[in-house]
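As a plain string of letters, each chain reads:
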Amino acid sequence: MRRLAISPAHRRLALQLALLGGIGLAFMTSRDPVAVAGGGNDCFEENDCTFKKPNFMIVLDYSSSMSEPFGMGQTRWQVAVDAISALMTTNQGYFQENMHVALMRYGHDPDPGGFGTVIPGDMSGIVDGQSLDVGWYDPEAPDKDYFECNGQDIIDSLAATPPPLCPNGPGNCSGIGTWTKGALDHAKVVIGASKLHHPEDVIPGQERFYGLMVVTDGAWTAQAGFPQLSPPEDNPSITAAELFDLQGIPTYVVAVADAGDLPFANELAAAGGTTESIAADNPAELFQAIGQVVQEIADQVIVPECTAGLPRLMVLLDASSSMLNVGMAPGGPGETGWDRARSALASGNNSLFDVEVDGIGRPVEDLIHLGLTVFGGEAPPEEKVLVQYGPCMQDNFGWALDPTTSCEEPGCDDPWGGPSITWTFKDGSVIPPFFDQQTLSHMPACLPSGSGICQGSGTFTHRGFELVFDNLLDYQANPPDLYPTDDTTQYLNVLITDGQYNGYSTDAQVQGAMQVMFDAGVKTYVIGFGDGLATPEAQQQLANMAGWGSGGQEAFFDADNQMELEAALAAIISDISFDPCCAFNDCSENPEPTTNEPDPGMSTFTSSSSSSGDGDGDTGWDTDGDGTSDSWGTADGDSTTWDTDGDGTSDSGWDTDGDGTSDGWDSDDQDGDSGWDSADDGPDGDGGPDGGTAGDESGTAGFGFGNDAGLNGRGCNCAVSGDGSSNQGPWAPLALLGFGLLGLSSTLRRRE
């Protein structure tokens, strides 16, 4: 017997798949009422999908004991009705939109030898022990098409069904028995007829998934309603075993209230191939249990069928120092190219993640696995993958690019204060906010230039592309278990750059890196961002990159400001094809899907400390493994800034020329300046420190436009669940997680 536990082990990827529990269509005999399909205008039919919708049947116990109290002032029946109804609407109705749903109730047959027998006093429509209230299709219709998106029919049917008989009142409800085998026998007939009417369901290698979920609160009875657990031939495990062994159709068992302590429930689940039943001792657990069944079926059907078809898009962001400057001065909050790019990508009100996909009505974050890579200098190399491809990565993007994330004293007290700043790069999976997926922070270097601007990070564009391709090949060879890929998986890149790469990368290097990806089926879109790209030379370089990355099919996007950057990102999204039936994530409810691993340090984390995960409660990142907190102490064991020259002392900058002293990026040690002059006269040809992207007339890319970043501080904004968000009942926080509801965690992150 599985007892539901709110533990990290239950949190899964797209827990809101709210999905497919799959069982089979529905043959209806003449005694079974036929529900009218109730899809609605937004229903995607099976022909719109890349997979066959599973056929899922809910087999619901209608015995009198279901009218007994179950807590929260409700009966077991009322809670079951609420839970099943919620399943139809959770995650914008994804469950009922992406599968064919049927509903059967069962009680007992008072006249085993007769036909068309009703239960005395029952007005609900049960005949011969069962009632198929909602089927998968109309067996009398000429075409026998499956009903699409018929969740409302389930809701309406349950709402119109009176509670099970309980003439003697609570504590002594009786009148309707629990002939579970009769229900499974009838389900078996329904499935057989459905397969006969739909031969496409049994094509080898393309079989439709069928599944049953029995929700019951008591031991099975004989056909006549008594005795319990006798005779042996009325044991429902017989039919469950036949369905699973001969047709591969699983039977899931949700054991409500007292049934959770009875061995028959485990016996039935084991015979049906689902190992053990799921106990639901209270209303909240019943919601969770139904969600857990749906999640398990999703893992079997939707995830492997759909996840590979979700596009993977890698954002490659220019992290040159010019992204921190506005004109010839460091930019303030919301003014820099970096802040504006962060806002357009993740933290603003019109970010990439929030773009609504035409024809589907869902935001990008629900439909694309996004990743984030940055590039900058070469020595030391600054290109790195901050966020791997994944769904619902908006909070991860926002945190990784937030200047305040990497600003930590003594190296930094104001991330917009200008040089000299020593950043403290962190991993948000080992320190607060404890992301489940590794999430690295990054900022362009902001070292002294002599003119007050930030410098230190160049524009080695080809190195960024090479890392993106290497990462892609590794991802393809070793995809995450939760996010399978196949030969049809679509990969795309978006380059956002604020300047030319002259002096850092050659045309041949960039062209080679981009074309090898395009030849491998990976298109790269190019966005020139900022007002430092207006020269004919810069425009031609952007056009070249757009052509190299698309086989000559695409032009580059010219975005002078944040609004135009947001528009460019939206235009790129409109060019991507999507399967409307694979929108199984709901990132508004589950901001970062779990990797099913516990969050390091979370159990000991308190608001008064920022543990690095090394157990010493320090406020920085322990990068050298000595158990103490560092702000990038890479050689001396306890340094609070970088020790880049190996002398065992803390440096305020990198020692890039090997002279044993800390430099403000004087990589050739020719002129001793405090700025980065990597080739005596500087790659931008100005003879001085390089304050920005190579090729810029002023030595900086600059952003000479007003503060339109619109930063709203969204970032991670982590909060404990159950904090006052609107709920429909005491258990709604559980149910509304998206039904997989196992997504529960006392520390679930939610976007404010």
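Everything here concerns the structure above.
The structure presented is a predicted model; accordingly, all values stated were derived computationally and were not measured. (Residues numbered from 1 in each chain as written. Predicted model: local features only at pLDDT ≥ 70, side-chain atom pairs only at ≥ 80, totals over all residues. Heavy atoms only, no water.)

1. Regarding the overall build of the chain
Secondary structure assignment for the chain yields 14 helices and 19 strands. With 752 residues in all, the chain has 60% of them scored as buried. (Helix = DSSP H or I, 4+ residues; strand = E, 2+ residues; numbered from the N terminus. Buried < 20%, exposed > 50% of the residue type's maximum accessible area, 1.4 Å probe, protein only.)

2. Looking at helix 10 (residues 461-477)
The terminal C-alpha atoms of helix 10 lie 25 Å apart, and with 17 residues this matches the ideal 24 Å at 1.5 Å per residue to within 8%. Those residues of helix 10 not exposed but buried are T461, H462, G464, F465, V468, F469, N471, L472 and Y475. (Expected span 1.5 Å × (residues − 1).)

3. Focus on the state of the cysteines
Under the counting rule described, the total for this entry stands at four disulfides. Through a disulfide, C407 is tied to C412; the S-S separation comes to 1.9 Å. Here the disulfide of C407 and C412 is left-handed, its torsion about the S-S bond being about -95 degrees. You'll find C407 and C412 in the same group, each marked buried. C446 shares a disulfide with C454; S-S distance 2.0 Å. Looking along the S-S bond of the C446-C454 disulfide, the torsion reads about -55 degrees, which is the left-handed sense. A residue is classified by how much of its surface remains accessible, and C446, at 0% relative accessible area, is buried. By relative accessible area, which is 3% here, C454 ends up buried. (Disulfide = S-S within 2.5 Å.)

4. A short note on the sheet that holds strand 15 (residues 369-375)
In space, the six strands of this open sheet follow the order 16-15-10-17-18-19, with mixed pairing throughout. Strands with a single pairing partner mark the edges of an open sheet, and in this sheet they are strand 16 (384-390) and strand 19 (557-559). Averaged over all pairs of adjacent strands, the angle between their axes in this sheet comes to 20 degrees, without regard to strand direction. Of the strand pairs in this sheet, strand 17 (residues 491-497) and strand 18 (residues 523-529) are connected by six bridges, and their pairing is parallel. Residue pairing for strand 18: V494 is matched across the bridge by Y525. Contacts from helix 8 (residues 337-347) reach strand 10 (312-318), strand 15, strand 17 and strand 18, with the element oriented near 165 degrees to strand 10. Each of strand 10, strand 15, strand 16, strand 17 and strand 18 is contacted by helix 10, which is oriented at about 40 degrees to strand 16, the strand it contacts most. (Pairing = 2+ DSSP bridges. Axes fitted to C-alpha atoms, helices over the stretch in contact; angles between N-to-C directions. Contact = heavy atoms within 4.5 Å.)

5. Quick look at the pattern of salt bridges
One pass over the full model with this rule turns up 14 salt bridges. Ionic pairing is found between D201 and R208, a salt bridge with its closest N-O pair at 2.7 Å. The same class applies to D201 and to R208, which are both buried. It is possible to trace a salt-bridge network through shared partners that takes in R76, D217 and D258. (Salt bridge = Lys/Arg side-chain N within 4 Å of Asp/Glu carboxyl O.)

6. What about the pairing of strand 8 (residues 251-256)?
Sheet faces and side chains relate simply in a regular strand, where the side chains alternate between the two faces. Across the six residues of strand 8, six count as buried, placing the element largely inside the fold. A two-sided burial pattern is seen for strand 8, the buried positions comprising T251, V253 and A255 on one face and Y252, V254 and V256 on the other. Across five bridges, the pairing between strand 7 (residues 210-216) and strand 8 is parallel. Across the sheet, V214 pairs through a bridge with V253, a residue of strand 8. Taken together, strand 7, helix 4 (residues 237-247) and strand 8 form a β-α-β motif whose crossover is right-handed. In this sheet, strand 9 (residues 278-280) lies alongside strand 8 in parallel orientation, the contact comprising three bridges. Following the sheet pairing, V256 is matched in strand 9 by A280. For the segment spanning strand 8, helix 5 (residues 263-271) and strand 9, crossover handedness is right-handed. (Right-handed = clockwise from strand over helix to strand, strands pointing away.)

7. Details of the environment of N150
Within the element layout of this structure, N150 appears in the loop between strand 6 (130-134) and helix 2 (151-160). Overall, N150 belongs to the buried group, its relative accessible area being 0%. In this structure, the C-alpha to C-alpha distance between N150 and C43, residues 107 residues apart in sequence, is 9.4 Å.

8. Considering helix 8
Within helix 8, eleven of the eleven residues are buried, which leaves the element mostly enclosed by the surrounding structure. Residues G337, W338, D339, R340, A341, R342, S343, A344, L345, A346 and S347 constitute the buried set of helix 8. On its buried side, helix 8 packs onto strand 10, strand 15, helix 9 (394-401), strand 17, strand 18 and helix 13 (562-574).

9. A closer look at the pairing of strand 7
Most of strand 7 sits out of view: seven of its seven residues are buried. Where strand 2 (residues 55-61) lies against strand 7, six bridges are found, and the strand directions are parallel. Bridge pairing in strand 7 links F56 to G211.

10. A word on the packing of helix 4 against helix 5
Here helix 4 crosses helix 5 at 20 degrees, and the two axes come no closer than 7 Å. Classified by the angle between their axes, helix 4 and helix 5 sit roughly parallel to one another. Note that helix 4 runs across helix 5; the crossing there is right-handed. On helix 5, the residues touching S237, A240, A241 and F244 of helix 4 are E267, L268 and A271. Its residues assigned to classes, the contact of helix 4 with helix 5 comprises five nonpolar, one polar and one charged. (Parallel < 35°, antiparallel > 145°, perpendicular 65-115°, else oblique. Left-handed = near helix turned anticlockwise from the far one by under 90°. Nonpolar A, V, L, I, M, F, W, Y, C, P; charged D, E, K, R; others polar.)

11. Thoughts on the side chain of R76
Within the secondary structure, R76 sits in helix 1 (residues 76-97). Judged by its relative accessible area of 9%, R76 is buried. Among the polar contacts made by the side chain of R76, one reaches the main-chain carbonyl oxygen of S65 at a distance of 3.4 Å. With residues near it in sequence (within four places) discarded, R76 still touches S65, M66, E68, P69, F70, D217, V256, A257 and D258. (Polar contact = N/O pair within 3.5 Å; in protein donor to acceptor, adjacent residues only side chain to side chain.)

12. What about the packing of aromatic side chains?
Applying the stated criterion to the full structure yields ten aromatic pairs. Ring centres 5.9 Å apart and planes at 80 degrees place the aromatic pair W136 and Y210 in the edge-to-face group. Here W136, found in the loop between strand 6 and helix 2, pairs with Y210, found in strand 7; they are 74 residues apart in sequence, far enough to count as distant. Judged by its relative accessible area of 0%, W136 falls in the buried class. (Phe/Tyr/Trp six-rings, centres within 6.5 Å; stacked < 30°, edge-to-face > 60°.)

13. Quick word on the nonpolar core
L317, L345, F397, I496 and I573 are the most contacted members of the largest nonpolar core, which totals 54 residues. Mapped by element, the contributors of at least two residues to this core are strand 10, helix 8, strand 15, strand 16, helix 9, strand 17, strand 18 and helix 13. With residues up to four places along the chain from it excluded, the contact list for L317 reads M323, W338, A341, L345, L372, T373, V374, F375, L401 and I496. Ranked by size, the runner-up nonpolar core spans 43 residues in total, among them L103, I126, M213 and V215. (Core = buried A, V, L, I, M, F, W, Y, C linked by side-chain atoms within 4.5 Å.)

Taken by themselves, the reported measurements are silent on function.
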